[in-house]
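# Fold and geometry: a report
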Amino acid sequence: DAIQNFVMRMPVVGSLYSSARRLIESLAGNKDNESTGFKRVVMIEHPRKGAWTVGFLTGTATNENNEQLAIVYIPTAPTPTSGLVSIVPFKDVYDTDISIADAMSLVFSGGITSPTSIVKRKAVKEPEIAQTKTIASCISFYTFYSYSK
């Protein structure tokens, strides 16, 4: 704990370590193995129209026009920690019938382990609690990004 506290106090390293630790905990799940930190598996059209990408809904927000946005983490195969974050209009997000564990298996295997069918449907809005968590995460990321410039 003393070493971790020391690292966390370092301006750039502490922010990077904190962000990386949260991502790894989200990929691994919590101690009770009840959840991964990802809310659910979703699909968005990325990188172009007609091409679908599996991602994890990590939060929601609103833009300056009060339109609902979804914050989607898109892991890359075979190293999901090198993924990207996409902020898209919530109306463009589709829920899937894929479990988080099956989606992680899909990513880690590079698609070799994949479901035989995938059902997608328009996503349903998250509760307001998700927005509060998102704001805190964005502040943390912004702090890291500001220090890394």
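Heads up: the structure comes first, above all this text.
Summary of the structure given here. Bear in mind that the values here come from a model prediction, so they are computed numbers and not experimental data.

Once that is clear, we can look at the pattern of salt bridges. A side chain with one charge may pair with a side chain of the opposite charge, provided their charged atoms come close. All chains considered together, the criterion is met by three salt bridges. Its salt-bridge partner being Lys49, residue Glu45 comes within 3.4 Å of it at the nearest N-O pair. Residue Glu45 is classed as partly exposed on the basis of its relative accessible area, which comes to 33%. Using a relative accessible area of 69% as the deciding quantity, one classes Lys49 as exposed. With a closest N to O distance of 3.5 Å, Lys91 and Asp92 form a salt bridge.

On to the sheet that holds strand β1 (residues 40–45). Strand order across the open sheet formed by six strands is β4-β3-β2-β1-β5-β6, with antiparallel pairing between neighbours. A single partner strand is all that each edge strand has here, and the edge strands are β4 (84–89) and β6 (120–122). Within the sheet, the average angular offset between the axes of one strand and its neighbour, ignoring direction, is 45°. Across six bridges, the pairing between strand β3 (residues 68–74) and β4 is antiparallel. What sits directly across from Ile74, in β4, is Leu84. Strands in contact with helix α3 (residues 100–108) are β1 and β2 (52–62); relative to β2, the strand with the most contacts, it is inclined by about 125°.

Definitions and cut-offs
Residues numbered from 1 in each chain as written. Predicted model: local features only at pLDDT ≥ 70, side-chain atom pairs only at ≥ 80, totals over all residues. Heavy atoms only, no water. Salt bridge = Lys/Arg side-chain N within 4 Å of Asp/Glu carboxyl O. Buried < 20%, exposed > 50% of the residue type's maximum accessible area, 1.4 Å probe, protein only. Pairing = 2+ DSSP bridges. Helix = DSSP H or I, 4+ residues; strand = E, 2+ residues; numbered from the N terminus. Axes fitted to C-alpha atoms, helices over the stretch in contact; angles between N-to-C directions. Contact = heavy atoms within 4.5 Å.

Taken by themselves, the reported measurements are silent on function.
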